[in-house]
Amino acid sequence: MATAGKVIKCKAAVAWEPNKPLVIEEIEVAPPKANEVRIKIVATAVCRSDLYFLSEFMPKENFPIVLGHEAAGIVESVGPGVTEFQTGDKVIPLFLPQCRECRFCKSPKSNHCDNSVLIGANNTMAESDSRFTCKDKKVRQFMGTGTFSEYTVMNQIAVAKIDPAAPLDKVCLLGCGISTGYGAAVNTAQVEPGSTCAVFGLGAVGLAAVMGCYAAGAKRIIAVDINPEKFEKAKVFGATDVINPKDHNKPIHEVLIEMTNGGVDYSLECIGNVEVMRSALESCIKGWGVSVIVGVTDMHDFAARPIQLIAGRTWKGSLFGGFKGKDDIPQMVKAYMDKKVKLDEFITHNMTLDQINDAIELMKHGKCIRTVMSVSPQ
């Protein structure tokens, strides 16, 4: 491309400070350095993790920053030493890299990677690692991605090459939420055929967990949420029962225990609420019940009585659904194209990057499942 090796001036949504609307700015995106890939972002979605760090968790010193991590795009150029990618490849940026060389990547027991910014401070690249500049000031890249921009630059270990026929405005969802929920059920919980499951929270991640339980062959899938408007959508993804805790005068775990003759085999907490995490654990049957924490929070401690685990329950956490990104996300794209995984049904709104603050408001008030924003033309 004519832009290869040059600084690109493009549009991005910049968060200058916490709890304030994003600002559409012209930024400069530097060329990729060794082992890096510059990507034209075609489509990106708003994930609740973006809101969480914008409004609750990100220290002020990590601003300005470009948020966004659930996206898909096309390789514009590559830096020295890059052999896996070439201009024109369709790709999905990965907030959780896979270097294939560290102890985590070499182990089948984990999808962690020693190179992840997730184990650094506050999920941002160091200023020196960011390729973004705005008004002569370095702008950080959230999760090492920063996809609320027409272009981004990433290390090749954090990019997955996908089928060239894949529709980027759909498969962008596999960059975080859908893979996270689906994988939590099939990879982390390892839901078994004929089992009974409960999913707490019916946002995109929770609905994807419902879909994963269904795909794994669960015979009964109980969807739990305080917003009954989400119940019909849950049934589309495979829920057999829907429950609103507000409709009952006893704790929700007691309701589930009564419904299931002692508790569910698997429960998945997809909200990020420490009280709900405990309810999800307590809804599991003693002896073999497995409860998985999927929802993200780092604001509060969670607690349970030791007897809950001594009695045989297992409490687990799941990051990115247990998927090793470079290996597994292309397979999820294939599963979507083979109609084995739903994506279209998660998309409730389509917008442009200029409407980013409207998309954030929809997410804040629970008025969408996923909003996909068109960023650059293909």
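Residues numbered from 1 in each chain as written. Predicted model: local features only at pLDDT ≥ 70, side-chain atom pairs only at ≥ 80, totals over all residues. Heavy atoms only, no water.

### Things to note about the overall build of the protein chain
Selection criterion: Each helix is a run of H or I in the DSSP string that is no shorter than four residues. Each strand is a run of E no shorter than two, and both are numbered from the N terminus. Put simply, the radius of gyration uses C-alpha atoms, and a globule should come to 2.2 Å times the residue count raised to 0.38. The buried label goes to any residue with under 20% of its type's maximum accessible area, the exposed label to any with over 50%, and the partly exposed label to all in between, with areas taken from a 1.4 Å probe on protein chains only. Pairs of residues are marked as contacts when any of their non-hydrogen atoms sit within 4.5 Å. Note that accessible areas follow from Shrake-Rupley with a 1.4 Å probe, and for residues the cover is restricted to the protein chains shown. Under the counting rule used here, the positive set is Lys and Arg, the negative set is Asp and Glu, and His together with the chain ends is not counted. Taken as the charge centre is NZ of Lys, CZ of Arg, CG of Asp or CD of Glu, depending on the residue.
Assigned secondary structure in the protein chain consists of 10 helices and 18 strands. Its C-alpha atoms give the protein chain a radius of gyration of 20 Å, within 12% of the compact-globule value 21 Å for 378 residues. Counting only C-alpha atoms, the protein chain reaches 65 × 40 × 35 Å along its principal axes. Looking at the 378 residues of the protein chain, the share that counts as buried comes to 57%. Taking as baseline every contact in the protein chain between residues at least 6 positions apart, the subset at least 24 positions apart corresponds to 69%. Summed over all atoms, the accessible surface of the protein chain reaches about 16,000 Å², with 49% contributed by carbon and sulfur. Computed over 42 positive and 42 negative side-chain charges, the separation of the two mean positions in the protein chain equals 2 Å.

### Focus on helix α7 (residues 274–282)
By the criterion of burial, α7 is predominantly enclosed, with 7 of the 9 residues buried. Of the residues making up α7, those classed as buried are Val-274, Val-276, Met-277, Ser-279, Ala-280, Leu-281 and Glu-282.

### What about the pattern of salt bridges?
To keep it simple, the criterion reads: When a carboxyl oxygen of Asp or Glu is within 4 Å of a side-chain nitrogen of Lys or Arg, the pair counts as a salt bridge.
Applying the stated criterion to the full structure yields 17 salt bridges. Taking the shortest distance from any N to any O, the salt bridge between Lys-11 and Asp-354 comes out at 3.2 Å. Taken together, the positions of Lys-11 in strand β1 (residues 8–14) and Asp-354 in the loop between β17 (347–352) and α10 (356–364) put the pair 343 residues apart, joining distant regions of the chain. Classification of Asp-354 by relative accessible area gives partly exposed; the value is 48%.

### A word on the side chain of Gln-98
For the record, the criterion: Two N or O atoms form a polar contact when they lie within 3.5 Å of each other; inside protein one atom must be a possible hydrogen donor and the other a possible acceptor, and for residues adjacent in sequence the pair counts only when both atoms belong to side chains.
You can see Gln-98 is positioned in the loop between β6 (90–93) and β7 (132–134). By relative accessible area, Gln-98 is classed as buried at 4%. Looking at Gln-98, its side chain comes within polar contact range of the side chain of Asp-327, at 2.7 Å. Every residue in contact with Gln-98, bar those within four places of it in the chain, is listed here: Cys-105, Cys-113, Ile-157, Lys-324, Gly-325, Lys-326 and Asp-327.

### A short note on the environment of Lys-137
Relative to the helices and strands, Lys-137 is located in strand β8 (residues 137–141). Separated by 73 residues in sequence, Lys-137 and Pro-64 have C-alpha atoms that sit 8.5 Å apart. In this structure, Lys-137 is in contact with Trp-16, Pro-64 and Phe-132, ignoring residues within four places of it in sequence.

### Topic: the sheet that holds strand β12 (residues 220–224)
Paired through their backbone hydrogen bonds, the strands of a sheet run either parallel or antiparallel. Worth spelling out the cut-off: Two strands pair under a simple rule: DSSP has to find at least two bridges between them. The angle between two axes is taken between their N-to-C directions and runs from 0 to 180 degrees, where each axis is a line fitted to C-alpha atoms and a helix contributes only its stretch in contact.
Read from one edge of the open sheet, 6 strands run β13-β12-β11-β14-β15-β16, paired in parallel fashion. Looking at strand neighbours, the two that pair on one side only are β13 (241–243) and β16 (314–317), the edges of this open sheet. For this sheet, the mean inter-axis angle between neighbouring strands, taken without regard to orientation, is 20°. Strand direction decides the pairing type here: strand β14 (residues 266–269) and strand β15 (residues 290–293), joined by 4 bridges, are parallel. Bridging from a neighbouring strand, Glu-269 pairs with Ile-293 of β15. In the packing of helix α3 (residues 177–189) onto the sheet, contacts are made with β14, β15 and β16, and the angle to β15 comes to roughly 135°.

### Things to note about the pairing of strand β5 (residues 70–78)
Across the 9 residues of β5, 8 count as buried, placing the element largely inside the fold. In the sheet, strand β3 (residues 36–45) pairs with β5 via 8 bridges, with the strands oriented antiparallel. Looking at the pairing, Lys-40 lines up with Ile-74 of β5. Relative to β6, β5 runs antiparallel, the two being bridged by 2 bridges. When the bridges of β6 are listed, Gly-73 appears paired with Val-91.

Read these as spatial facts, not as claims about activity.
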